[in-house]
Each structure stands twice: as C-alpha cells, then as structure tokens.
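Commentary on secondary and tertiary structure
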Amino acid sequence: MLSRTAENLFWMARYIERAESTARLITMGQRMAVLPASGYRDEWRSVLRVTDSESRVGPGPITEEDIARVLLLDPDNPASIQTCLVRARGNGKSVRTKLTQEMWEALNLSWRRFEGLRPAEARNDLPAHIDWVKTRASVFRGAAETGMLRHAGHDFMRIGGAIERAQMTLRLLEVKYYVLLPETDVVGGGRDHYQWTSVLHALSGSRAYHHVYGGVYTPARIADFLMVNRTFPRSVAYCVDQARTHLAHLARAHGGPTRCHRTAFEIYRLLKEGGDGALFDRGLHETVQQCISLINRLASELAEAYHF
Amino acid sequence: MTFYEMHDAVGATRDCYAEVQRWIDATGIPGLQRRMEEAEAIFRRIGITFAVYGEGGDPERLIPFDLLPRVFSRLEWQRLEQGIRQRAQALNAFLYDVYHRGEIMRAGLIPQELVYGNAAYRPEMIGFDPPGRVYSHIVGIDIVRTAPETFEVLEDNCRTPSGVSYMLENREIMTRMFPELFQRGLVTPVDNYPALLLQTLKEVAPPACKGDPVVVLLTPGSLNSAYYEHSFLADLMGIELVEPVDLFVDAGRVWMKTTAGPTAVDVIYRRIDDDYLDPLVFRPDSTLGVPGLFHAYRSGGVTLCSAPGSGIADDKAIYVYVPEMIRFYLGEEPVLANIPTWQCGKADDLAYVLEHLGELVAKEVHGSGGYGMLVGPHATPQAVDAFAARIRANPGGYIAQPTLDLSTVPTLGPAEVVRRHADFRPYCLVGRRMRLVPGGLTRVALTEGSLVVNSSQGGGVKDTWVLRT
C-alpha cells in the first residue's frame, strides 16, 4: 500500500473521531452551562482548553455563540467540526480508490452543511447540528465496519481512530483532573457531582460507569474507568488495546514490529500497573501527561515506520 | 440546413434512432424529466464532478448529463473507426519522425520552424526510441459532423485526453436506470475500455521490466479538475493512483513509497503535463514532479505514457498538416477530413481572417478547453474587435476556421425534445497494436444555438451508442 494512502486513511479516521469528540464536548459544555452553581462560564473555557482553542476567544465571558463560531464553524481551527469534516473528506478524496462506495458517500454527503452558516444561526440549532455530526460519524464507521476490506488500510484507519479517541479522553482528564483530586473520598457538593457526571457523559460513559461500578461516584473509580478499564471503548486502555491489535496486523504484514510497537506496549504496561487506585498514588496528572506524550510518540513513530 | 441526427431529409426518424424514439414515446417527457433528476442525484452522490479553471463558484460542480443517447449506426462507426485508427497511427509516426530524422520537414511538407520552434517540441526527446515507438498511447480525436456523410476532425489530443470516465459512467447510469434499452443487445458495450487500456500500457513496458509490469496512474492530486477520472480509471484497472510525492528515482529506476518500503514501477500513465514531470529537465521551479524521472525514462528504466513532447502532434498549428502526414507516412488518403483552416501566421490568411472575423471561429494555437476562442457570428462587434487586436499583436498564435453548421442531436428540454449541437471524442489506444472501443464521449452544447460544447463552457455529456447491426 502507498505510504500516502496509509497516511490519508490514518488521518481521515482521526478527523472523523475528532469531529465527534468536539461534538461531545459541546454537549458536555451545554449541560454544565445550565447548572445553577456559579462559575459556569469557566466550563466553556475548559471545553475550549480541551480542544486547544482557548486563544480563539477573548478574556471575557464565553457565549454559546462563541462556541458555535470557534468549535463548529471556524475553518482555521483544527478542532472545529467544520474543519474536521472538510479535512476528513479531503483525506478520503485523495485515496478514493481505497474506500468503499458507502464510506465515500458517508464522507461526501453534506460535507458542506456548515459552509456559510453564521454563528448566531448555528447557535440556535446547536443540539441538532451536534446530533447530526454524531450520526455522520456512526454512519461512516458502520460503512467501514461492514464493507471495507481488511487490508493494511483498515488497520491504519483503526489505529488513527483509536489514537484520536484516547487523546480526547486524556485531554479531558488533563483539563478536568482537578475535580477528581481525592481530597474527599465521598462525593461532596452538587457541583462536583455534576462535573463528574458531565465528564462521563461527554464520553458516553455515565450509564456504562454504573454498570461497571454501581451507583457510587468516587474519584478513584472514575479515573480507573476512564484510564485503565479494558471494557469501556473510550477508556485509554481500551483504545490502546485496539491500536495494538491493528499494529500487530501491520507487523505481520510488514515483516515484524517496529519502534511504535514497543511504544504501544509501554503505554499498555503503564496502564496495566495503574489499576486499583495506583494511578492516584503515582499522580493522576503525571500519568495523564505521560500517556499523552507516549501516544504522540506512537503516532510519529508509526509515520516513520511506514514511511508516511 | 443543419443536419438533425434523429431525422432524415423528410423528417422521419432515422433507423438507428428507432429504439430511442420508441423509448421517448413510451416514457413521455415528464417521465424522462423525473428520471433525469434521479440520474443527477446519482452522479452527485457518487461524486462525479468537474472543476472548472478560471471561473468562480462551485469548485466541484456536476457536468450536466443528458438522458437521450446519441446513436451511430454500424456503418457510420466502421467509417469513423477506420479514420480514427488511421489518424492515430499517422500522428505517432509523425512524432517518431520529429524526434528522429525529420523526413517530413526535409520533404518540405511541414515548415521546420513550426515544429522546432514550437513550445510543445522537446529537444530532450531527440534520438530516443520509446518502447514500441509509441508516443501517444491514448489519442482522443474531436470529430464533428456537418452532414449525414460528412465527419470532420476538429482537433487531435495526443497528450492526456480526458473525458473517457464520462463515456463509461454515462453508459453505466443508462444501463442501471434503463436496463430495458440494452436487453436486446442492440448497443455495443464499451465497458472493456479499462481492461484494454491496462493491456495497452503493459505492452509498452520498458526494457528494465522483468515479469508482469507494474503500472501506476500519476495524478497531480485531488484538486485537479480531472481527479475523479484519475481515481476512477485507477480503480477500474486495479492499479495504484500515485502523486509525484509518492515516487522517487534511484539506480535508474522509479520507485513508489509504500508502507512496506520502495516498490519498482514500470509504466506510468501520467495525467500531468510535461512541464511538471521532472524539475531537473523541464521546469526547475516546479514543486510537482519527480526529480530524475526523465533520465530513468530515457535509459529504459520506466515508460511514460504519453511520451514527453507528444504535444507537438496535437498543436493547432500542426493540425493543418495531419492530412499530409497520413499521405506521407501511410500512403493513404485521409478517411476523415480536416476543417479548412486559415493560419494567421501567413500574410494572406491573416488578411482574410481579419476581414471576415465576424463569420469565423478563431482560436489560440495553444489554447484548449474552449478558452481563448471567438465564435464570430455569436460575438458582439466589440468582442470581435478586441479579438482582432489580439490576433494582430501575435498572428502566429492564432488560427481561424469557418463557422461550421454542426449537426444537432436530440436533447431533453423542459417540455419537449430539443435539438442541440454536439461533437464526439473517441479514444484510440495505441500499444504494440491499436485498440478502439466502439463509442466515445458525446459533448452537447446545452444552450440553444450554441456551438461551444466544452464542459468548461457549460456543455453537457450524453451516452453514445454504436449499434451492433
């Protein structure tokens, strides 16, 4: 397979994931913005921080219109949904022959939905736009799941998706880790409760959390759930497992493992040793940052190993 | 009187259009209109688009598709085929001659300066024998019809003629939507074109190739106006679609960068201009291109299709001499005539052209795609004057032809079947032998009375049938 093809498939999957992640974050922001507790404006700020977009707004209060402008429409913001959709389609277009017709149609359909839309208009329909983005991402993944040949291209796509998903969870934890600091083991005031449930909600994990841990929220369990749980598809450990499965396919097809395989193993081991509260002993923030830098390294080693 | 291809002299439906007529009558105009919208939706969804250079607006707009097929009888096609093959052969013979002894210039049949002073002439190609002595592997010949028996060649395309994907897709859509039209086997299929193209490309593998040749299609990238066609053809041939960044030259061979390391490439079907092939030889400022590619080509490490320098054969200034080429190289009379052409570089012709510009079609010698041309009878006096000034400033850069009474073909209008002018581009494949699928691309001017069929100027396309009997 052409290296450029691999690169485009990898990034196409990342941008689709990123569009969905941004959509989920906007939903989380909206939930928190309606909380009665004070300081909700900071919640939008933390959403912007997670997506590296804070510099795109002024120091004053952040409105939903700002969010629509920066995270939905801004063509220059690499995290905005519009940018992600356009880039995913651009990546897909340059490797069209490697996509199935259904995958291409999923990318090509209404990729211009947000073009020319003004932030004030977009703001009014924000929930509908967000749902639409999530649906598009699902349709695309479904088309790939049921129709795409399981060649190396599929592996590169899945690795891209897994890396992006892991990054999203990690960045959310990086920005929100302070609410998980174990000052008290029992959930205190209402606001903390909402903070935590919102984080879980953003990752589609609030129901899943209850299935795994029962009804009680504790910082250790939430951190455990998002970082080291091996059944929750948005946990870092699960994403890394998935990436490793596909990295193993690549190793088989390309004559053996490379540096990126070793890095993936390193992340796996780090998380494996972090169960049962060990994350907090080691320092949640440090572990999160370590994972972020290891995953970045993994992505660049992958590009190097397969000649992107 | 304009020849309407659906009717004979007394207004009765011509035999070859009997099936189309039956279909129109049976479906009715509103029914056809509805199906047309369906067809457009399919095209849009698949993403068959055509970007237009130099015009604002939608960079990926659809090329309009007309539902009513254009039909050639078997006899008409036999004659066309003979003429097309003859022309493709003569053009390749001319290219070989240009880059070798130049016999036709020595014989005084074509002025030397027109060839050796031409921008499309590539001195780098002198003395080189491309595999099979083929330069132009896909020859697209634009043909117009002015009377039932009169087919004339408007221009030749020896570099990288585009549009064949429309020929294939138009037929595909028609068969998918109206299978009943094809069930009786009246229409000759064209869907083996990609297989024939691949066969042609493999036949001209370079001396360095051992085993089954690795063929790739080289595209400038996804922003190119014909990118859809590039990916479509690569897909149907099952070959890699590469961009210049995917290739590099090492040890006299061309390699593509794959996830498993470098893979040798034998034949490159390039859809990229000469200028951008190799910055070491052609344009040093080019950021496209593969450094060293041309050297690998000349030393037999890879084959480029078409050969660099093939453009000299389809230059509008050279066009005038194609009938001479056919006589000179093949010893035959041309089956398809040229259109009478005034070369503004000649004093007498220039005087005539300037005097009659309002009646003529004038074209830039190096222009293509319907840009840089004037259709005198349809232009304002100001436009004619402005064009005259351009010709006076650089006479050698222009030719002029009479305004032809192009035939019209049935086209679906809002309330009835209307008559619109059309031309025809078949694609002749030249490898160790020649191949031609029975069909081609019919382009139609969708505006009433318009003679410009280029898709960049609002033209549309339709399916073209060659009947079996």
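Residues numbered from 1 in each chain as written. Chains lettered and ligands numbered in written order. Predicted model: local features only at pLDDT ≥ 70, side-chain atom pairs only at ≥ 80, totals over all residues.

**A few points about the interface of chain B and chain A**
As a reminder of what qualifies: What counts as a contact is two residues whose backbone-derived C-beta atoms lie within 7 Å of each other. Every helix listed is a DSSP run of H or I at least four residues long, and every strand listed is a run of E at least two residues long, numbered separately from the N terminus. When residues are grouped by polarity, Ala, Val, Leu, Ile, Met, Phe, Trp, Tyr, Cys and Pro land in nonpolar, Asp, Glu, Lys and Arg in charged, and all others, Gly among them, in polar.
Each partner contributes residues to the interface: chain B has 18 residues there, and chain A has 17 residues. Looking at the side of chain B that touches chain A, the elements with two or more residues in it are α9 (227-237), β5 (240-242) and β7 (253-258) of chain B. When grouped by side-chain class, the residues that make up the side of chain B that touches chain A number six nonpolar, six polar and six charged.

**A look at helix α6 (residues 164-177) of chain B**
All names here are of chain B. Let me state the cut-off plainly: In this scheme, a helix's expected span is set at 1.5 Å multiplied by one less than its residue total. Working definition of burial: number of other C-beta atoms within 10 Å of the residue's own, with buried at 20 or more, exposed at 12 or fewer, and partly exposed in between, all C-beta atoms being placed from the backbone.
The end-to-end C-alpha distance of α6 is 20 Å, a good match for the 20 Å that 14 residues give at a rise of 1.5 Å each. Within α6, 10 of the 14 residues are buried, leaving the element largely enclosed by the surrounding structure. Buried residues of α6: Val164, Ser165, Tyr166, Met167, Leu168, Glu169, Asn170, Arg171, Ile173 and Met174, and no others.

**Description of the domain arrangement of chain A**
Quite often, the size of an interface is put as the accessible area lost when its parts meet. All names here are of chain A. To keep it simple, the criterion reads: In this entry, domain limits derive from an automatic or database-based domain assignment.
Looking at chain A, the domain boundaries give domain 1 (1-148) and domain 2 (150-308). Using C-alpha coordinates to define each centre, domain 1 is positioned 21 Å away from domain 2. Listed as interface residues are 28 residues of domain 1 and, on the opposing side, 27 residues of domain 2. At the level of elements, α1 (3-33) and α2 (41-50) are the ones that each hand at least two residues to the side of domain 1 that touches domain 2. Among the elements that make up the side of domain 1 that touches domain 2, the one with the highest residue count is α1 (19 residues). Residue classes in the side of domain 1 that touches domain 2 are distributed as 15 nonpolar, five polar and eight charged.

**Digging into unusual backbone geometry**
Here the amide bond leading from B:Cys305 into B:Ser306 is cis, since omega sits at 0°, within 30 degrees of zero. One can find B:Ser306 in the loop between β10 (303-305) and α11 (316-319). Non-glycine residue A:Ser204 carries a positive phi angle of around 55°. Residue position: A:Ser204 is located in the loop between α9 (190-202) and α10 (206-213). With 15 C-beta atoms packed within 10 Å, A:Ser204 lands in the partly exposed category. Phi is positive for B:Ala251, which is not a glycine, with a value near 50°.

**Some points on the packing of helix α3 (residues 74-98) of chain B against helix α12 (residues 322-330) of chain B**
All names here are of chain B. Keep this limit in mind: Lines fitted to the C-alpha atoms define the axes, with helices restricted to the stretch that makes contact. Angles between their N-to-C directions range from 0 to 180 degrees. In this scheme, roughly parallel covers angles under 35 degrees and roughly antiparallel covers those over 145, while 65 to 115 is roughly perpendicular and the rest are oblique.
Orientation of α3 relative to α12, taken along the N-to-C sense of each, is 80°, at an axis distance of 9 Å. Considering their axes alone, α3 and α12 lie roughly perpendicular with respect to each other. Judged by residue contacts, Gln86, Arg87, Gln89, Ala90, Ala93 and Phe94 of α3 engage Val322, Met325, Ile326, Tyr329 and Leu330 from α12. Broken down by class, the residue content of the contact of α3 with α12 amounts to eight nonpolar, two polar and one charged.

**A closer look at the nonpolar core**
Which entries qualify depends on this criterion: Any nonpolar core is a set of buried residues, restricted to Ala, Val, Leu, Ile, Met, Phe, Trp, Tyr and Cys, that join up through C-beta atoms within 7 Å.
Grouped together as the largest cluster of nonpolar side chains are 218 residues, with contacts concentrated most on A:Ala19 and B:Ala362. Counting residues per element, this core draws most heavily on α1(A), at 14 residues. Those residues in contact with A:Ala19 that sit more than four places away from it in its chain are A:Ile81, A:Cys84, A:Leu85, A:Ala88, A:Val133 and A:Ala137.

**Digging into the packing of helix α12 (residues 236-253) of chain A against helix α13 (residues 259-272) of chain A**
Residue and element names in this part refer to chain A. To keep it simple, the criterion reads: Crossing handedness is read from the near helix: turned anticlockwise from the far helix by less than a right angle, it gives a left-handed crossing, and turned clockwise, a right-handed one.
Contact geometry for α12 and α13: axes closest at 10 Å, N-to-C directions at 155°. In terms of orientation, α12 and α13 fall into the roughly antiparallel class. Crossing angle aside, the handedness with which α12 passes α13 is left-handed. Counting all contacts with α12, which are made through Val236, Ala237, Val240, Ala243, Arg244, Leu247 and Ala251, the residues of α13 involved are Cys260, His261, Ala264, Ile267, Tyr268 and Leu271. For the contact of α12 with α13, the residue count by class is 11 nonpolar, one polar and one charged.

**Focus on the domain arrangement of chain B**
For chain B, the domain assignment lists domain 1 (1-188 + 311-336 + 426-469), domain 2 (207-301) and domain 3 (340-403). Taking only C-alpha atoms, the centre of domain 1 of chain B and the centre of domain 2 of chain B are 26 Å apart.

**Things to note about the pairing of strand β16 (residues 408-412) of chain B**
All names here are of chain B. Worth spelling out the cut-off: In this description, strands pair whenever DSSP reports at least two bridges between them.
The element β16 is extensively covered by neighbouring structure, given that five of its five residues are classed as buried. Bridging between β16 and strand β17 (residues 417-425) involves five bridges; their strand directions are antiparallel. Residue pairing across strands places Thr411 opposite Val418, the latter belonging to β17. Between β16 and the antiparallel strand that follows it, β17, lie four residues.

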